Amino acid sequence: MALGWARGLVRVACARGFATAWHLWVRALLVWLGFLSAIGTSHAAPLEDNMAQRLMACTTCHGRQGRAGPDGYYPRLAGKPAHYLYKQLLDFRNGRRHYGLMANLLEPLTDTYLFEIARHFSELDLPYPPPVQSSAQPQELRRGQQLATLGDPVKKIPACASCHGAALTGVQPDVPGLLGLSRDYLNAQLGGWRDGQRAGHAPDCMASIAKRLEPLDVAALTSWLSTQALPANPKPVTARQLDPKQVFDLSCAKTSLPVGGTYAVADQEPTSVVARGAYLARAGNCMTCHTARGGVPFAGGRRIDTPFGEIYAGNLTPDKQTGLGTWNKDDFWQALHFGKSKGGRLLYPAFPYPSFTLVTRQDADALFVYLQSLPAQSAQNKVHQLRWPYNSQLALAAWRALYFSAGRFESSEGKSAQWNRGAYLVTSLGHCSACHAERNPWGASVNAASLAGGLIPMQNWYAPSLAAVNEAGLAGWRTEDIVALLRHGRSPSAVVSGPMGEVVRGSTQFLSADDLAAMAVYLKDLPQASASSEKPAAATITSGWPTQSGPTLRGAKLYEQHCANCHGGKGQGAPGMYLPLAGNRTVTMDKPVNLVQTVLHGGFAPATAGNPRPYGMPPFLLTLSDSDLAAVLAYVRSSWGNQAKGVSELDIAKIRNLTKP
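The following refers to the structure shown.

Conventions we followed
- Numbers given for residues are sequential positions, taken from 1 along each chain in its written order.
- A pLDDT threshold of at least 70 governs which residues receive local features in this predicted model, and a stricter bar of 80 or more applies before side-chain atom pairs are shown or counted, although totals over entire chains, interfaces and linings include all residues.
- Side-chain numbers here rest on the full set of heavy atoms in the structure, without hydrogens or water.
- Put simply, DSSP H or I for four residues or longer makes a helix, DSSP E for two residues or longer makes a strand, and each gets a number counted from the N terminus.
- Exposure is judged per residue with a 1.4 Å probe applied to protein chains only, and the accessible area is read against the type maximum: over 50% gives exposed, under 20% gives buried, and values in between give partly exposed.
- Pairing between two strands is assigned when DSSP locates at least 2 bridges connecting them.
- Two cysteine sulfur atoms make up a disulfide if the distance between them is within 2.5 Å.
- What is meant by a nonpolar core is a set of buried Ala, Val, Leu, Ile, Met, Phe, Trp, Tyr and Cys residues, joined one to another through side-chain atoms within 4.5 Å.

Remarks on the side chain of D91
- Structurally, D91 can be placed in helix 5 (residues 82–94).
- Its relative accessible area of 5% is what places D91 among the buried residues.

Okay, here's the thing in structure tokens:
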């Protein structure tokens, strides 16, 4: 590499003279040494295992230490009442507040961890920035001050101060301050209350107040609030410091604090019929699909996007009008084994009966007994929204004739009882092939038993091959490491995310150690495909240091700026905290979709008993352009011994455009 630089500078000397070349050489050498020094010392001090480090996924958008994002769209978190922050986190996760990036970040986390996050930011005592100057007219500011401090009795609008405190700095434990926020953010939130994009528990006082505000009132109020300096003590006051006559209604912000008992990990498979059915429901991850975001468990309503339209999961509770209250064991067996509803209506294979057909009758009956023991919930099933001809029973019958036949699980002679138990769980209740198998254009799994990997329809995540050493093949893993990954979402060499995080969170973390070990034994024994013999395009970096090429050097600089603090200057990671990128199969897989998804959207591993406070990966969706991402991923995929092709800007743009707000 140095020789290449020298040759280039000799050419410069011939063209411009020796003095010019010498000047360029010294300047380039200083820049180069400075760059090597920056990368080489990026981990001189070990990272601290604390909440600030775990919550890097939050502060990337909300500013250093939660001081607020630079554009004003992401509000300040530091110093807000803990209970208020906790309620907002719950509302994002459960669908009362609508922002896809936040919802996806929070979905893997438990109530307990969300409250820890809220408490962490609440306890930060940081100075506020000075208020901005307003271009509003004096009469507009006077109207804003009136609404904030006195309200408007004619329109039945209470003063903001009646709930948010006389100083408008908030009230412990539930009500946030209104000062120190940007006008854009205040406008967005009031607009959200007015339009139903934000919602609270009844009585939803903020929604009713916001709807009484005219657009000019909103503009006046936010103009005045955003220009006010904070008092000497900007902390929220306690409720007892308020005059009870001033309080309009604090009940709308109440939310129960998290309680213990979040996890119920099994030591062994239960024996009573109801308990066994509950265990089998976990093994099948039934609740995840049959529960709408923030909804009642098993009451249905979750939307499942398919290439053929939208399908809504049904109500599995024993409600007689909308659920399974009129079903019997034979009806339920018919659904699992034959893919037919009560009365003979054909079911769509988004309900994975091509796998559930292998469930034994004994297990199906236990599962039904458990579902019948649940409280009945009246929840009208939503109508599927499928395109023609996929919305017809005739088309579904044709699909079944081609791609489905009822079966049963057959034990393999010559294999151990443990292997056969693992095979049963993986191929039937676990329905692993629903993700880890390729699908044809009509949505049918191709060679499902091989678990050779496939793109998950509509989600744009790739479920890697469990039979390929260069993807997610487990033949070389220790059984205990596979068990740890399935139970805790984390092992010494891997962390689950995306759809697999959903599986661990809702299913495998609750399975017994014996069943997880059986699954591991089966998965380790899958016939392993060899890595592709096709060599990738020539890697621009093999030593871990950038060459002089423009795009490569740009990717290296972006990596140093955004990634090296956690993943190390040489991609070595931080043990127990951040995985290494050097030799990481997610980084080097031929299909880079999971890597792109992770960098764009960030995320947390699922919070489990063995990993209750997972580290977060910041989302770079709003920070890096497609060109930036292509550069940094090319650097990561071709450094530290990694030898994978780059990722095109077009591929990144396609994944970015699938993101819903």
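Overview of the sheet that holds strand 3 (residues 303–306)
- If you walk across this open sheet you meet the 3 strands as 3-4-5, and the pairing is antiparallel. Every other strand in the sheet has two partners, leaving strand 3 and strand 5 (385–386) as the edge strands with one partner each.
- The pairing of strand 3 with strand 4 (residues 309–312) spans 4 bridges and is classified as antiparallel. Paired with T306 across the strands is G309, a residue of strand 4.

Points about unusual backbone geometry
- Following Q172, the chain continues into P173 via a peptide bond in cis, with omega recorded as 5 degrees.
- Its place among the elements puts P173 in the loop between strand 1 (171–172) and helix 10 (183–195).
- In this model, W388 is joined to P389 through a cis peptide bond whose omega is 5 degrees.
- In this fold, P389 is placed in the loop between strand 5 and helix 18 (393–403).
- Unusually for a residue other than glycine, K156 sits at a positive phi of about 60 degrees.
- With respect to the helices, strands and loops of the structure, K156 is situated in the loop between helix 8 (138–149) and helix 9 (161–164).
- A positive phi angle is found at L451, which is not glycine, with a value near 50 degrees.
- Along the chain, L451 turns up in the loop between helix 20 (433–436) and strand 6 (454–456).

Quick look at the state of the cysteines
- Inspection of the entire model under this criterion finds 0 disulfides.
- A disulfide-free cysteine, C160 has its sulfur positioned 8.9 Å from the sulfur of C163, the nearest such atom.
- Among the cysteines around C163, which has no disulfide bond, C205 carries the closest sulfur, lying 5.7 Å off.

A closer look at the nonpolar core
- By size, the foremost hydrophobic cluster in this structure holds 60 residues, and its most contacted members are F298, F332, L371 and L523.
- For this core, the secondary structure elements donating two or more residues are helix 13 (273–283), helix 15 (329–338), helix 16 (353–356), helix 17 (361–372), helix 18, helix 19 (417–429), helix 21 (479–488) and helix 23 (513–524).
- Counting residues in hydrophobic clusters, the runner-up holds 58 residues, among them A556, Y559, V599 and L624.

Here's the deal with the pairing of strand 4
- A loop of 2 residues connects strand 3 with strand 4, the two strands running antiparallel in sequence.
- Where strand 4 lies against strand 5, 2 bridges are found, and the strand directions are antiparallel. Pairing of G309 across the sheet is with L386, part of strand 5.

Here we look at the environment of L650
- Mapped onto the elements, L650 comes out in helix 29 (residues 649–657).
- Given the relative accessible area of 55%, L650 is considered exposed.
- Residues L650 and A630 lie 20 residues apart in sequence; the distance between their C-alpha atoms is 9.3 Å.

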